[in-house]
Every structure is written in C-alpha cells, then in structure tokens.
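Each chain, letter by letter, is given below.
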Amino acid sequence: NLAYKKVVKNPNNQKEILNLEQAFNKAQQQDLNEIELLKKEGNPENWEKIYELYKTIRSRQLKIQGLPALKIEEENRTVVFNYINVDDELVKSKQNAAAYFYTYAQQLLNSGSKENARKAYSQFVQVKKFYNNYRSVDSLIEVSQAMGISYVLIRSQNKTTFALPAMFADEMLRINTADLNTNWI
C-alpha cells in the first residue's frame, strides 16, 4: 500500500516502482500459500478465511490494474504484474463458507439448548453476511432468537414499615425495563 501510494503520487519513481512490483508479488504469493495450506487442512471452518484471502487478492489486483503502464528505465522493461483470475475460487469459497455456517448453526439449533440457540443465531447471521437470502436463513434466525431468549418478570413492591415520602417511594420503585432488555433477555 505504501509503495502503491508513492507510485500514484509519482509514477516515474523507479525505486518505488520496483518496490511495488516486489511487494505485489510477495503479497500474492503469501496469500496463495496461506490458501493452499488452509485447503490442505480440510477444516470447513477455514472457508471464511479462504474467502477473505481471495477477496484480498482480487482487491489488490483491481487496485494495481488502475495504474498506468509502469516502466523500469534501467532495465528497459515494462513492469508486468501477474494477475490471477480468482473469481471462480472466490465464489466457491463464499458458497462453502455459507454452507459451513448454515450446517453448523442447524446442528446447534437442533441440540435444543438455550446457549446453543444463541450460538446458532450468530452463525445464521454469519450466513447472511455471505448471502442475504440463503435458503431459509431468515426464518431460522427468528427461530434461534426465540429459542435463545430468556424472559424475566420484574415486580417491585414497597414492603417497608416506614412511611416514605411519595416521591422517594416512586423513585425507588421505578425500574426502567428498557435498560434491562438485551438481545437475549
């Protein structure tokens, strides 16, 4: 990013052009190596990370594509950035990540526990980050929220034997239930 900013500012800065070329290639290779490792692990939890890495690669490439042709005068060559078409992998990893979160959330929801229903809710919300209308995720979010909510009844009474000033008693017995409401209570 630093080299990119410097090259945008001065497209003839030979040192920064070389730095940009080197940094781009290193970043691409690091991300691709990380993706390869995550895929080899075979852990479905990794699909979100893989998706994010592919998004990073795509974003980086789009940023660099916007630059004019860069020349390295000492070597009498034009800088060539090796772009990788990650669109198919981006879509595949997005689908796999959504499917993982959806399946995991369904397992949690089927356990029947309040705590797992709350976890399922957050997993279904993750699915919506990938696809807004994935399968029946909206209805499952409502179901998991309903299963995870704890209902609380609050009653306040003055059981003192003393005569309290009316304003003092009113203030003591006033409870703002809106402050007590949370996502799960």
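Before any of the text, the structure's been laid out above.
Here we summarise the structure given alongside this text. Keep in mind that this is a model prediction, so the values were computed, not measured.

Reading guide: rules and limits
Residues numbered from 1 in each chain as written. Predicted model: local features only at pLDDT ≥ 70, side-chain atom pairs only at ≥ 80, totals over all residues. Heavy atoms only, no water. Helix = DSSP H or I, 4+ residues; strand = E, 2+ residues; numbered from the N terminus. Rg over C-alpha atoms; globule rule 2.2 N^0.38 Å. Buried < 20%, exposed > 50% of the residue type's maximum accessible area, 1.4 Å probe, protein only. Contact = heavy atoms within 4.5 Å. Areas by Shrake-Rupley, 256 points an atom, 1.4 Å probe, with all protein chains shown as cover. Lys, Arg positive; Asp, Glu negative; His and termini not counted. Charge placed at Lys NZ, Arg CZ, Asp CG, Glu CD. Core = buried A, V, L, I, M, F, W, Y, C linked by side-chain atoms within 4.5 Å. Phe/Tyr/Trp six-rings, centres within 6.5 Å; stacked < 30°, edge-to-face > 60°.

## Re the overall build of the protein chain
For the protein chain, the count of helices and strands is eight helices and two strands. The helix and strand sequence of the protein chain, counted from the amino end, reads α-α-α-β-β-α-α-α-α-α. At 28 Å, the protein chain has a C-alpha radius of gyration far larger than the 16 Å of a compact globule built from 185 residues. The C-alpha extent of the protein chain, read off along each of the three principal axes, is 95 × 45 × 25 Å. Here the protein chain, with 185 residues, has 31% of them falling under the buried criterion. When contacts within the protein chain are restricted to residue pairs at least 6 apart in sequence, long-range pairs at least 24 apart make up 62% of them. Total accessible area on the protein chain is roughly 12,700 Å²; 50% of this is exposed by carbon and sulfur atoms. Side chains of the protein chain give 25 positive and 21 negative charges; the mean places of these two sets differ by 3 Å.

## Details of the nonpolar core
Grouped together as the largest cluster of nonpolar side chains are 30 residues, with contacts concentrated most on Tyr54 and Phe124. Every element with two or more residues in this core is listed here: helix 2 (14–41), helix 3 (47–65), helix 4 (87–110), helix 5 (114–130) and helix 6 (137–148). Of all the elements, helix 4 adds the most residues to this core, at nine residues. The residues contacting tyrosine 54, other than those within four sequence positions of it, are Ile35, Lys39, Val86, Glu89, Leu90 and Ser93.

## Topic: the packing of aromatic side chains
Per the counting criterion, the structure on display carries ten aromatic pairs. With centroids separated by 6.0 Å and ring planes inclined at 20°, the aromatic side chains of phenylalanine 101 and phenylalanine 130 adopt a geometry described as stacked. With phenylalanine 101 in helix 4 and phenylalanine 130 in helix 5, this residue pair connects regions lying 29 residues apart in the sequence. An identical accessibility class is assigned to phenylalanine 101 and phenylalanine 130; each is buried. Note on tyrosine 121 and tryptophan 184: the rings are 5.1 Å apart at their centroids and 85° apart in plane angle, and the pair reads as edge-to-face. One end of the pair, tyrosine 121, is in helix 5; the other, tryptophan 184, is in the segment after helix 8 (177–180), with 63 residues separating them in the sequence. Relative accessible area serves as the criterion here: at 18%, tyrosine 121 is assigned to the buried category. In this structure tryptophan 184 comes out as buried when scored by relative accessible area, which is 16%.

This is a description of form; function is not addressed.
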